[in-house]
Amino acid sequence: MKCILASQSPRRRELMEHLDIPFTVCPADIDETMDLSRDPRQEVARVSLHKARAVPAEPQDVVIGADTIVVCDGRVLGKPHSPQEAEEMLRLLSGRTHEVMTGLSVIRGSREKVLTQVTKIRFRQLSDREISRYVAGGEPMDKAGAYGIQGGAALFVEEIQGDYFNVVGLPLCPLGQILEELAPELWEAQP
């Protein structure tokens, strides 16, 4: 039995290490385009399931797929395509509350567990200079909503309601519960 993380995110890999179980990384090569006319909670869950299903696995293997988006006033913010788009996203989030949604899917054989974890984040008011400096550092470019709470954007967060690890990209508490249900032997193999 293998535990497979269907993600190329270095942050998700780091978070998986907190679980203290052996795992391998096999990024899913899929189209992550979302249907913006649908409920973002359903869409982010759908993409996470699509990722998990795309990874080749044996029936006894456990495959974990995840996808994270930021939603502000109904607008879905994925990863920015340019520094200008990153600045626009950060200006939208400045002084406001938004939601970070992570779709989480775990597959083992024919069993599939899928959920969307939501965390609310409030940013303080940001100056144009702060936004430009943050974007110039390059950190926002591979992150939903153009920020990483575990990095420089920690200085922007006034309030968080919910799961911090969800904002980083992998809600560990629900993941641990699902793994305990579907594959408790993952922990039994540890020395």
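A brief report on the enclosed structure follows. As the structure is a computational prediction, the values presented were derived from the model and not from experiment.

This part is about the nonpolar core. The biggest cluster of nonpolar side chains holds 42 residues, and the ones touching the most others in it are Met 16, Ile 64, Tyr 147, Leu 170, Leu 175 and Leu 179. Those residues within four positions of Met 16 in sequence are excluded, and the remaining contacts are Cys 3, Leu 5, Ile 21, Phe 23, Ile 64, Leu 170 and Leu 175. The next biggest cluster of nonpolar side chains, apart from the first, holds 15 residues, and it includes Met 34, Val 47, Val 63 and Ile 107.

Turning our eyes to something else, we now look at the layout of surface pockets. Once rolled over the atoms, a probe with the size of a water molecule shows which space is left empty. Its volume calculated, the largest pocket comes out at about 830 Å³. Forming the boundary of the largest pocket are 39 residues, of which Glu 32, Asp 67, Thr 68, Lys 79 and Ala 144 lie nearest the centre. Breaking the lining of the largest pocket down by element, the ones donating at least two residues are helix H1 (10-17), strand E3 (62-72), strand E4 (75-77), helix H3 (83-93) and helix H5 (164-168). For the lining of the largest pocket, the element with the highest residue contribution is E3, accounting for 4 residues.

A few words now on helix H6 (residues 172-182). Of the residues making up H6, those classed as buried are Leu 172, Pro 174, Leu 175, Gly 176, Ile 178, Leu 179 and Leu 182. Where the residues of H6 are buried, they touch H1, E3, strand E5 (97-108), strand E6 (111-123), H5 and helix H7 (185-188).

A complete count under the given rule lists 16 salt bridges for this structure. Residue Glu 158 is joined to Arg 122 by a salt bridge in which the shortest nitrogen-to-oxygen separation is 3.4 Å. Within this pair, whereas Glu 158 is found in strand E7 (residues 157-161), its partner Arg 122 is found in strand E6, the two being separated by 36 residues in sequence.

Closest axis-to-axis distance for the H3/helix H4 (residues 128-136) pair is 10 Å, and the angle between their directions is 140 degrees. When the interaxial angle is binned, H3 and H4 end up oblique. Handedness of the H3/H4 crossing: right-handed. On H4, the residues that touch Pro 83, Ala 86, Glu 87, Leu 90 and Arg 91 of H3 are Asp 128, Ile 131, Ser 132, Tyr 134 and Val 135.

All told, the structure shown has 4 aromatic pairs when counted by the stated rule. With centroids separated by 4.8 Å and ring planes inclined at 65 degrees, the aromatic side chains of Phe 123 and Tyr 147 adopt a geometry described as edge-to-face. Of this pair, Phe 123 sits in strand E6 while Tyr 147 is found in the loop between H4 and E7, placing the two residues 24 residues apart along the sequence. Classification of Phe 123 as buried rests on a relative accessible area of 0%. With relative accessibility at 5%, the residue Tyr 147 sits in the buried group. An aromatic cluster of three or more residues is present, and its members are Phe 123, Tyr 134, Tyr 147 and Phe 156.

With that out of the way, let us pick up the environment of Glu 159. Note on placement: Glu 159 falls in strand E7. Classification of Glu 159 as partly exposed rests on a relative accessible area of 37%. In this structure, the C-alpha to C-alpha distance between Glu 159 and Ala 57, residues 102 residues apart in sequence, is 40 Å.

Our focus in this paragraph is H4. Every buried residue belonging to H4 is among Glu 130, Ile 131, Tyr 134 and Val 135, and all of these are buried. On an axial view of H4, the arc spanned by its buried residues comes to 125 degrees, and they lie on one face. Of the exposed residues in H4, those oriented more than 90 degrees away from the buried face are Arg 129, Arg 133 and Ala 136. Those residues of H4 hidden inside the fold are in contact with H3. Looking one or two residues beyond H4, the residue adopting positive phi is Gly 138, at roughly 85 degrees.

The rules behind these values
- Sequence order sets the numbering: in each chain, residues are counted from 1 along the sequence as written.
- Whole-chain, interface and lining totals are the exception, using all residues; otherwise, since this is a predicted model, local features are given only for residues with pLDDT of at least 70 and side-chain atom pairs are given and counted only at 80 or more.
- Only hydrogens and water are set aside when side-chain values are computed; all heavy atoms of the structure are taken into account.
- Residues belong to a common nonpolar core when they are buried Ala, Val, Leu, Ile, Met, Phe, Trp, Tyr or Cys residues joined through side-chain atoms within 4.5 Å.
- For every residue, the accessible area (1.4 Å probe, protein chains only) is compared with the maximum for its type, and the residue is labelled buried under 20%, exposed over 50%, or partly exposed between those bounds.
- Only heavy atoms enter the contact rule, under which two residues are in contact if any of them lie within 4.5 Å.
- The method works on a 1 Å grid over the protein atoms by themselves. A cavity is a set of points holding a 1.4 Å probe that cannot get out, a pocket is an open set with protein on both sides within 12 Å along at least five of seven lines, and residues with an atom within 4 Å of a point line them.
- Grid points are joined across faces, edges and corners, and a volume is the space filled by probe spheres set on the points.
- The secondary structure listing takes helices from DSSP runs of H or I that are at least 4 residues long and strands from runs of E that are at least 2 residues long, numbered from the N terminus.
- In the sections that follow, a salt bridge refers to a side-chain nitrogen of Lys or Arg positioned within 4 Å of a carboxyl oxygen of Asp or Glu.
- Axes, fitted as lines to C-alpha atoms, cover a helix only where it is in contact. Angles between the N-to-C directions of the axes lie from 0 to 180 degrees.
- Angles below 35 degrees are treated as roughly parallel, those above 145 as roughly antiparallel, those between 65 and 115 as roughly perpendicular, and all remaining angles as oblique.
- A clockwise turn of the near helix away from the far one marks a right-handed crossing, whereas an anticlockwise turn of less than a right angle marks a left-handed crossing.
- Here the aromatic set is Phe, Tyr and Trp, taking the six-membered ring for Trp, and pairing holds for ring centres within 6.5 Å; pairs whose planes are under 30 degrees apart are stacked, those over 60 apart are edge-to-face, and all others are tilted.
- Arc, as used here, means the arc of the directions from the helix axis to the C-beta atoms.

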